[in-house]
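Structural characterization, general
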Amino acid sequence: MKKTDVNTYQHYLKVVDCQQACPAHTPVPEYIRLITQQRYSDAYMLNWQSNVFPGILGRVCDRPCEPACRRTRVEDKAVAICRLKRVTADYKEDITERLPKAPKRQNGKRIALVGAGPASLTVARDLLPLGYQIDMFERDAKAGGMMRSQIPQFRLPHDVLDEELNYILDMGVNGYFNHPIDSLENLLNKNYDAVFIGTGAPKGRHLPLPGYDDCQLDIKIGIDWLSGVSFEHISEAPKRVVVLGGGNTAMDCCRTAKRLGATDVKVLVRSSFEAMKASPWEKEDAMAEEIAIMPNHSPLEYKRNDDGSIQIAFEKVISSYDKSNNRTLTPTGEIVKVDCDLVLVAIGQDTSFPWIERDIGLKFNDWSQPILNKLTLQSTLPQVFFGGDSAFGPENIITAVAHGHKAAISIDLFCHGKQPENRPDSDFNLISQKMGMHEWRYDNQIEHHQRLAVPHIDWQQASQQLATEVELGFDEQLALQEAQRCLNCDIQTVFTESKCIECSACEDICPLDCINFIDDIHKSGDANTLLAGKLRVEKATPEQDYFISDKLHTGHIMVKDEDLCVHCGLCAERCPTGAWDMQKLILSNIEATIK
Ligand code: SF4
Ligand code: SF4
């Protein structure tokens, strides 16, 4: 069989499921180990290098890393990766001296950033230390973009937000706030070397059902309403509020309405409860605050009642999914009418570029999205780059950060007359963790602890205070316990064929039965098909590759299922010749991933 190519970092990164799943490739197991050593500032800085906003993301990240976490191979729930990130921010010392500084002499290149959200801020952070002049133009009064305008303070306090934004702004950003850009052509005429557009997806979708005209005064777009609350233009909500939609914005709307005085708050959504787009923990928190979530309700019409309130008619539906996960809603004929005083529509949002002239060479596709090179984020106007939600539509903060890193590399190459497609090489290193016969530099004991819940304030108190953070975060003791659930997936099992004497000791001791010595298969083709029925455990998922060795002395091959390994190191401990070694993967220059 074809030996697995282990000369690229991709094979090893894939094994570190959480790091691979994070768009910015945060080195999760390394920062979790630093937490166990109480080296919080080091853990924070490691996060800061890749994800830029550890305190913010440690509270409000969409957590693409957690569904990937290998801990779910041995228990139900993933390591609380996100909330451990918050621990690094909560317990760090003053790290300002450790932040990079912009050089006194600039490099003569001027970059305009349109928007001051996570993508633009990441570009600024990456380019300022290289000597670029950064001019940031933002329509709002303060930086932060949707992190400030759409995420309520009870999930993301403004002091946490401001602290991490100021780390970047204080590096020397020229900020022009309350300064919307209304013409890209005019901006380009100011002769910037490059322009980065990170204006998000600021246009909330309307739901103009029959009766809308009569009721529109009391029907608000969810993100605009949240923004009004954030900037203190709105300070109260009427008694009965209905939120239409099932994503995280809907959850933020309903919980905010409760805090502004609403006593009867309902969320009605077309989809089933399980298929709602909101993160499971956001739904749990809303329900803990006694907000009714009513799935399978399809809105039909609005009606103005005689007493001035609004009635919305819904038809109950049954949602079903085909094999490709396409949803069908089947009407049941059952009509439900809900009275309320305010409707918040949170059914999605779109990008909006009325300020980009269509005759200046920047091309858009049929969906009014800019046509971009996915590798570089460069538009059809070579000096203009996009990132964050404005690039491909709404995603999340960590994806915006990944875009920011990518665009910063592209802009740096472009400004130096190089092709942005010619990306700098990534590199990797493997370092043995052996300290003796049976000792490792990492904790390889696998304790069977269930995931710990994050403490929060009393729910009754929570739903009354707009600016009080609900989650208290892990204390140091809980953080240590939760950190110990991590399996150190970056400590790789490295196999050296020439040392193996095929004694099968590793095969015997492996608790997951993931090591196999089998006859070589003299066929080419898909490894999964060729190996079917030949291994001790059938492959559980196609997500991880097999690690297939070269031919051994007897003609056998070693096949390890990377999906199953829990990095316990028993194979390396038992091996009498050191053919197995546990080696820590260190990646450098690793480029963010855009899916
Ligand atoms: S167990 Fe640890 S290293 Fe492995 S995927 Fe989960 S958080 Fe990442
Ligand atoms: S580290 Fe070795 S013994 Fe432990 S699960 Fe992985 S392959 Fe098996």
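In this text the structure is predicted, and so the values were computed from the model without any measurement.

The next point concerns the overall build of the chain. Across its full length, the chain carries 21 helices and 21 strands. Its C-alpha radius of gyration of 26 Å places the chain within 12% of the 25 Å reference for a compact globule of 595 residues. Each principal axis of the C-alpha distribution contributes one length, and for the chain these read about 85 × 65 × 50 Å. Charge centroids of the chain, computed over 65 positive and 84 negative side chains, lie 2 Å from each other.

A few words now on the packing of helix H4 (residues 40-51) against helix H16 (residues 397-415). Contact geometry of H4 with H16 gives a least axis separation of 9 Å together with a crossing angle of 70°. Comparing the axis directions of H4 and H16 gives the class roughly perpendicular. Contact residues: H4 offers Gln49, Ser50 and Asn51, while H16 offers Ile398, Val401 and His405. When grouped by side-chain class, the residues that make up the contact of H4 with H16 number two nonpolar, four polar and no charged.

For the rest of this paragraph, the subject is helix H9 (residues 158-169). Under the 1.5 Å per step criterion, the end-to-end length of H9 is 15 Å for twelve residues, consistent within 8% with the ideal 16 Å. Within H9, burial applies to His158, Val160, Leu161, Glu164, Leu165, Tyr167, Ile168 and Leu169.

Below, the discussion takes up the pattern of salt bridges. Summed over the entire model, instances satisfying the criterion amount to 39 salt bridges. We note a salt bridge from glutamate 591 to arginine 423, for which the minimum N-O separation is 2.7 Å. Of this pair, glutamate 591 sits in the segment after strand S21 (580-588) while arginine 423 sits in the loop between H16 and strand S16 (427-432), and the two are 168 residues apart along the sequence. Like glutamate 591, the residue arginine 423 is buried in the burial classification. When salt bridges with common partners are traced through the structure, they connect Arg155, Asp252, Arg255, Arg259, Glu282, Asp285 and Glu289 into a single cluster.

Moving on, we come to the sheet that holds strand S8 (residues 264-268). Within the open sheet, the five strands sit side by side as S6-S13-S7-S8-S9. Their pairing is parallel. Of all the strands in the sheet, the pair left with one neighbour each is strand S6 (219-221) and strand S9 (292-294). Shown here is a sheet whose adjacent strand axes are inclined to one another by a mean of 20°, direction ignored. Inspection of the sheet shows strand S7 (residues 240-244) paired to strand S13 (residues 342-345) by four bridges, in the parallel sense. Paired with valine 241 across the strands is leucine 342, a residue of S13. The strands touched by helix H12 (residues 222-230) are S6 and S13; relative to S6, the strand with the most contacts, the crossing angle is about 80°. Strands S7, S8, S9 and S13 of the sheet are contacted by helix H13 (residues 248-259), whose axis makes an angle of about 170° with S8.

Moving on, we come to the nonpolar core. Judged by nonpolar contacts, the single largest core of 53 residues is most densely connected at Ile35, Leu84 and Trp580. The greatest single-element share of this core, amounting to five residues, is contributed by helix H3 (residues 28-36).

Relative to the elements of secondary structure, proline 64 occurs in the loop between helix H5 (54-60) and helix H6 (81-91). On the accessibility criterion, proline 64 (28% relative accessible area) is partly exposed. With 210 residues separating them in the primary sequence, proline 64 and glutamate 274 have C-alpha atoms 17 Å apart. Ignoring anything within four residues of it in the chain, the contact list for proline 64 reads Ala21, Pro23 and Ile398.

Another aspect to go through is the site of ligand 2. Taken together, 13 residues lie near ligand 2, and Cys510, Cys565, Cys568, Gly569 and Cys571 sit nearest. Here the shell around ligand 2 is built from residues that sort into nine nonpolar, three polar and one charged.

Scanning all chains against the criterion turns up ten aromatic pairs. A ring pair is formed by tyrosine 212 and tyrosine 302, whose centres lie 6.1 Å apart and whose planes are at 50°; its orientation type is tilted. Note that tyrosine 212 is positioned in helix H11 (residues 212-215) and tyrosine 302 in strand S10 (residues 297-304), a separation of 90 residues in sequence. Taken as a pair, tyrosine 212 and tyrosine 302 share a single burial class, namely buried. Above the plane of the ring of tyrosine 44 lies lysine 92, whose end atom (NZ or CZ) is 4.8 Å from the centre.

Here glutamate 507 shows up in helix H19 (residues 505-509). It turns out glutamate 507 is buried and unbridged, and the closest side chain with the opposite charge, arginine 536, is 4.3 Å from it. Among the polar contacts made by the side chain of glutamate 507, one reaches the main-chain amide nitrogen of phenylalanine 517 at a distance of 3.1 Å. Setting aside its immediate chain neighbours within four residues, glutamate 507 contacts Ile515, Asn516, Phe517 and Arg536.

Here the focus is unusual backbone geometry. Residue arginine 63 is not a glycine yet carries a positive backbone phi of 55°. Checked against the element boundaries, arginine 63 lands in the loop between H5 and H6. Accessibility expressed as a relative area gives 6% for arginine 63, which makes it buried. The phi torsion at glutamate 502 lies on the positive side, around 55°, for a residue other than glycine.

Taken in spatial order, the five strands of this open sheet run S3-S2-S1-S4-S15, and their pairing is parallel. Lying at the two open borders of the sheet, with one neighbouring strand each, are strand S3 (174-176) and strand S15 (384-386). For this sheet the average axis-to-axis angle between neighbouring strands, irrespective of direction, equals 20°. As paired strands, strand S4 (residues 194-197) and S15 are joined by three bridges and run parallel to one another.

Definitions and limits used
Sequence positions are assigned chain by chain, starting from 1 and proceeding in written order. Working convention: letters from A go to chains and numbers from 1 go to ligands, in the order in which they are written. Per-residue local features are limited, in this predicted model, to residues with pLDDT of at least 70; the limit for side-chain atom pairs, both in listing and counting, is 80 or more; totals at the level of whole chains, interfaces and linings are taken over all residues. For the side-chain quantities, the full set of heavy atoms in the structure was used; hydrogens and water were omitted. Secondary structure counts use DSSP, requiring at least four H or I residues in a row for a helix and at least two E residues in a row for a strand, with both numbered from the N terminus. Taken over C-alpha atoms, the radius of gyration is set against a globule rule of 2.2 Å times the number of residues to the power 0.38. Neither His nor the chain ends contribute to the count of charged residues, in which Lys and Arg are positive and Asp and Glu negative. Working definition for charges: the position is that of NZ of Lys, CZ of Arg, CG of Asp or CD of Glu. To obtain each axis, a line is fitted to C-alpha atoms, and for helices this fit is confined to the stretch in contact; angles are then taken between N-to-C directions over 0 to 180 degrees. Under this scheme an angle from 65 to 115 degrees is roughly perpendicular, one under 35 degrees roughly parallel, and one over 145 degrees roughly antiparallel; angles in between are oblique. For this analysis, residues touch if any pair of their heavy atoms sits within 4.5 Å. Residue polarity follows a fixed list, in which Ala, Val, Leu, Ile, Met, Phe, Trp, Tyr, Cys and Pro are nonpolar, Asp, Glu, Lys and Arg are charged, and the others, Gly among them, are polar. Here the expected span of a helix is defined as 1.5 Å times the quantity of residues minus one. Burial status follows relative accessibility: with a 1.4 Å probe on protein chains alone, a residue under 20% of its type maximum counts as buried, one over 50% as exposed, and anything between as partly exposed. A carboxyl oxygen of Asp or Glu within 4 Å of a side-chain nitrogen of Lys or Arg is what we treat as a salt bridge. Two strands make a pair as long as DSSP finds a minimum of two bridges between them. We define a nonpolar core as any set of buried Ala, Val, Leu, Ile, Met, Phe, Trp, Tyr and Cys residues linked to one another through side-chain atoms lying within 4.5 Å. Distances are taken per atom, and a residue is near a molecule or strand as soon as one of its heavy atoms is within 4 Å of it. The rule is short: rings of Phe, Tyr and Trp, with Trp giving its six-membered ring, pair when the centres are within 6.5 Å, and they are stacked under 30 degrees, edge-to-face over 60, tilted in between. Two conditions define a charge located above a ring, namely a distance within 6 Å from the ring centre to NZ of Lys or CZ of Arg, and an angle within 35 degrees of the ring normal. What qualifies as a polar contact is a pair of N or O atoms within 3.5 Å, subject to a donor-acceptor requirement within protein and to the restriction that residues adjacent in sequence count only when both atoms come from side chains.

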